[in-house]
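# Residue-level structural notes
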Amino acid sequence: MSKLKLKTRNIVIAVGCVVIVVVLAVGLFRWKKTLDYQATYEYKLEHHGYSEEDTAYFLEKLSNEELDALLARDVDENIPKFMKEEYYLKKNLDQYLAYYQENSDKSITDVIATVNVGANKEWYTDYVDADTSKDTLVLANKFHFLGENYEPNDLVEVSNWYAYGDGPLLRKIAYDEFVGMYNAAKEDGQDIIINSSYRDYQYQLDLYNDYVSWYGQTKTDEMAARPGFSEHQTGLTIDVTTYGENENTFDKTEEFAWLQNHAHEYGFILRYPEGKEHLTGYEYESWHYRYVGVEVATYIHEHNITYDEYYAFFLEGDN
Ligand SMILES: [Zn+2]
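Predicted, not measured: the structure shown is a model, and the values here were computed from it.

Donor atoms from the polypeptide that bind the zinc ion are His232 (NE2), Asp239 (OD), Asp239 (OD) and His288 (ND1), placed at 2.0 to 2.8 Å. Classification of the site at the zinc ion rests on its four donor atoms, whose angles at the metal span 52 to 152°, yielding the label irregular. All donor residues of the zinc ion come from one chain, and their arrangement in sequence is H-x6-D-x48-H. Placement of the pair is Asp239 in strand β6 (residues 237–241) and His288 in strand β8 (residues 285–291), with a sequence separation of 49 residues. With a relative accessible area of 8%, Asp239 lands in the buried category.

For β8, the tally of buried residues reaches seven of seven residues, placing the bulk of the element in the interior. Bridge analysis of β6 against β8 gives three bridges, and the strand direction is antiparallel. Bridged to Thr237 within β8 is Arg290. Two elements, strand β7 (residues 268–272) and β8, share four bridges in a ladder whose sense is antiparallel.

Right, let's talk about a negative patch on the surface for a bit. A cluster of acidic residues, Glu151, Asp200, Asp206 and Asp210, forms a negative patch at the surface. By secondary structure assignment, the location of Asp206 is in helix α9 (residues 201–215). Asp206 sits in the partly exposed class, given a relative accessible area of 40%.

Okay, helix α7 (residues 108–117) next. Three- or four-residue spacings in an α-helix give side chains the same orientation, since the helix completes a turn every 3.6 residues. Among the ten residues in α7, eight count as buried, and that is most of the element. For α7, the set of buried residues is Ile108, Val111, Ile112, Ala113, Thr114, Val115, Asn116 and Val117. Its buried side turned inward, α7 meets α5 (78–83), α6 (93–102), α12 (277–280) and α14 (307–316). One or two residues past the end of α7 sits Gly118, with phi positive at roughly 90°.

With that out of the way, let us pick up the sheet that holds β6. Overall, antiparallel pairing links the four strands, which are arranged β5-β6-β8-β7 in an open sheet. With partners counted over all chains shown, the strands left at the sheet margins are β5 (193–196) and β7, one partner each. Sheet twist, expressed as the average angle between the axes of neighbouring strands with direction ignored, equals 50°.

Parameters at a glance
- Residues numbered from 1 in each chain as written.
- Predicted model: local features only at pLDDT ≥ 70, side-chain atom pairs only at ≥ 80, totals over all residues.
- Heavy atoms only, no water.
- Donors = N, O, S within 2.8 Å, 3.2 Å for Na, K, Ca; no water.
- Tetrahedral: all angles 85-135°; square planar, octahedral: opposite > 155°, others 65-115°.
- Helix = DSSP H or I, 4+ residues; strand = E, 2+ residues; numbered from the N terminus.
- Buried < 20%, exposed > 50% of the residue type's maximum accessible area, 1.4 Å probe, protein only.
- Pairing = 2+ DSSP bridges.
- Patch = residues over 30% accessible without salt bridge, like charges linked within 9 Å, V, L, I, M, F, W, Y side chains within 5 Å.
- Areas by Shrake-Rupley, 256 points an atom, 1.4 Å probe, with all protein chains shown as cover.
- Salt bridge = Lys/Arg side-chain N within 4 Å of Asp/Glu carboxyl O.
- Lys, Arg positive; Asp, Glu negative; His and termini not counted.
- Charge placed at Lys NZ, Arg CZ, Asp CG, Glu CD.
- Contact = heavy atoms within 4.5 Å.
- Axes fitted to C-alpha atoms, helices over the stretch in contact; angles between N-to-C directions.

Written out as structure tokens, the structure reads:
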């Protein structure tokens, strides 16, 4: 072999080696890149069946732990819809999905509200003790039980100037705010009179039993709380009226209209609004107001939610 041929062969071999190394390196690099991509949540979520848009939403909102939990579930296009809701609670996701499956005619927003307040279950089932340490924010409803012995320690007697009945009682803070509200309404030419305020367990027991004997239990449960579950037992609740009106006519009065606009300024909310019966468990009561403080009352007024929803989201939350 001539020297020239030998040299050429060596060059060819050398070039060949370089090409092989480069091809291998590029291949390895690409392979590594693919593996890396397949390890990302983006790949996993899309491969699992979520759209690009939903995937981007999950990546922005969820922790790695939450993404792992999501991937462990079957794909459900409703999950991102629930997660995007204002009052979504992580702990309730399974219940939202189950309740929505049974009640697909309801809106996602309503499913969230219903499950959050516990109304996807029968009233009075799985109820817990009311957390009276929440003070003026205590929740008493068909899932939060005040008990036989709860009695606020700052009840004061309401002057007959403001109320019907014999020596009605109210917690001092609610009474003071009521007086402010009463005076402001009076200046606008409205008379707001307290019809009922604090009611103890025994009183509610007698009242409930009377109602049951008159209307039967089903109807009574829509109208009156069972003893220990009544908001009147918190001492923060008033039933109001005005001269010459009764419960059935109160919402046609100017006093009612005034309260609609101003009650929150004194920390009171209409507790059982129309259209929210499935959340509160009570018929619409235009006369029943609850003191929760100005800040909370204003939020509830502006966001058109019930106190049950407020409490579930802001005070119980995801715990
Ligand atoms: Zn009432």
